[in-house]
Amino acid sequence: MNENRDLMLRGELYRESDPELVASRVSCGKLLDRFNATEADRTEERGELLGELLGSIGADSTIMPRFQCDYGTYISIGSNTFVNYDAIMLDCARITIGDDVSIGPRAQLLTPLHPMEDHEARRNRWERALPITIGNNVWLGAGVIVCPGVTIGDNSVIGAGSVVTRDVPPHTFAAGNPCRTIRELP
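All figures in this text were calculated on a predicted structure; none of them were measured in a lab.

Caption draft 1: Representation of the overall build of the protein in the model. A count of helices and strands for the protein gives four helices and 20 strands. A globule of 186 residues ought to have a C-alpha radius of gyration of about 16 Å, and the protein, at 16 Å, matches this closely. Overall, the protein is about 45 × 45 × 25 Å in size when its C-alpha atoms are taken along their principal axes. Each of the 186 residues in the protein was classed as buried or not, and the buried ones make up 44%. Relative to all contacts within the protein whose residues are 6 or more apart in sequence, the contacts with residues 24 or more apart total 26%. Carbon and sulfur atoms form 50% of the exposed surface of the protein, whose accessible area is close to 9500 Å².

Caption draft 2: Summary view of the nonpolar core. Core analysis: the largest hydrophobic core is formed by 35 residues, its most contacted members being Phe 67, Met 89, Leu 140 and Ile 152. For this core, the secondary structure elements donating two or more residues are helix H2 (19–36), helix H3 (43–53), strand S5 (75–77), strand S8 (95–97) and strand S13 (132–134). Of the residues forming this core, the biggest block, four residues, is contributed by H2. Every residue in contact with Ile 152, bar those within four places of it in the chain, is listed here: Thr 133, Ile 134, Gly 135, Val 138, Leu 140, Val 146, Ile 158, Val 164 and Val 168. In this structure, Tyr 14, Tyr 71, Cys 92 and Ala 129 belong to the second largest nonpolar core, which totals nine residues.

Caption draft 3: Here's a closer look at the sheet that holds S8. Strand order in the open sheet formed by five strands is S2-S5-S8-S13-S16, with parallel pairing between adjacent strands. Of all strands in the sheet, those with a lone pairing partner are strand S2 (56–57) and strand S16 (151–152), marking the two edges. Here S5 runs beside S8; their pairing, made up of three bridges, is parallel. Residue pairing in the sheet places Ile 77 in a bridge with Ile 97 of S8.

Cut-offs and rules
- Numbers given for residues are sequential positions, taken from 1 along each chain in its written order.
- Whole-chain, interface and lining totals are the exception, using all residues; otherwise, since this is a predicted model, local features are given only for residues with pLDDT of at least 70 and side-chain atom pairs are given and counted only at 80 or more.
- As a rule here, side-chain values come from all non-hydrogen atoms in the structure, and water together with hydrogens is ignored.
- A run of H or I in DSSP becomes a helix once it reaches four residues, and a run of E becomes a strand once it reaches two; helices and strands are each numbered from the N terminus.
- In this setup the radius of gyration rests on C-alpha atoms only. A globule is expected at 2.2 Å times the number of residues raised to 0.38.
- Burial here depends on accessible area, computed with a 1.4 Å probe over protein chains only, as a share of the maximum for the residue type. Under 20% is buried, over 50% is exposed, and the range in between is partly exposed.
- It only takes one pair of heavy atoms within 4.5 Å for two residues to be counted as in contact.
- Accessibility throughout is a Shrake-Rupley quantity obtained with a 1.4 Å probe, and a residue counts as covered only by protein chains that appear here.
- Residues belong to one nonpolar core when they are buried, are Ala, Val, Leu, Ile, Met, Phe, Trp, Tyr or Cys, and are joined through side-chain atoms within 4.5 Å.
- Should DSSP find at least two bridges between two strands, the strands are regarded as paired.

See below:
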């Protein structure tokens, strides 16, 4: 690994313009182009491409095209998980998705952060990233945005269109912008 990749994966400031990181994103983009261009009946080919693209993907898990990510290799998906159309997973930090998860269309899992108060660092494209963890048997409704560093506990449901900025405990229905607990689930 190079220095910027190490910094990125440790959640420290790094340069996204590092040539090795750029090359990794281009390589990922080529696999995504192939995946997103597969015909509807080519599920086996899609599965093979996802196996090549992602860090891991469990048995009976499906991602529908159009799918976008930065590196792919930092995404781990458990078994029997379904990711609907137009998902975006910016995996500058690890994204871990459990078993039996349902992710609605146009959901976004976003790990990168940009400096807020250091305007010069932001202008020069420094960034850092924090991991996202989605527990088992979670349902993310359509258009949910999960922000950097968030963990969503097992058996939770996130309402459509929510922006999840903080951790969500297990067995919780949460919704809104910003997302907040609505009620506990059994």
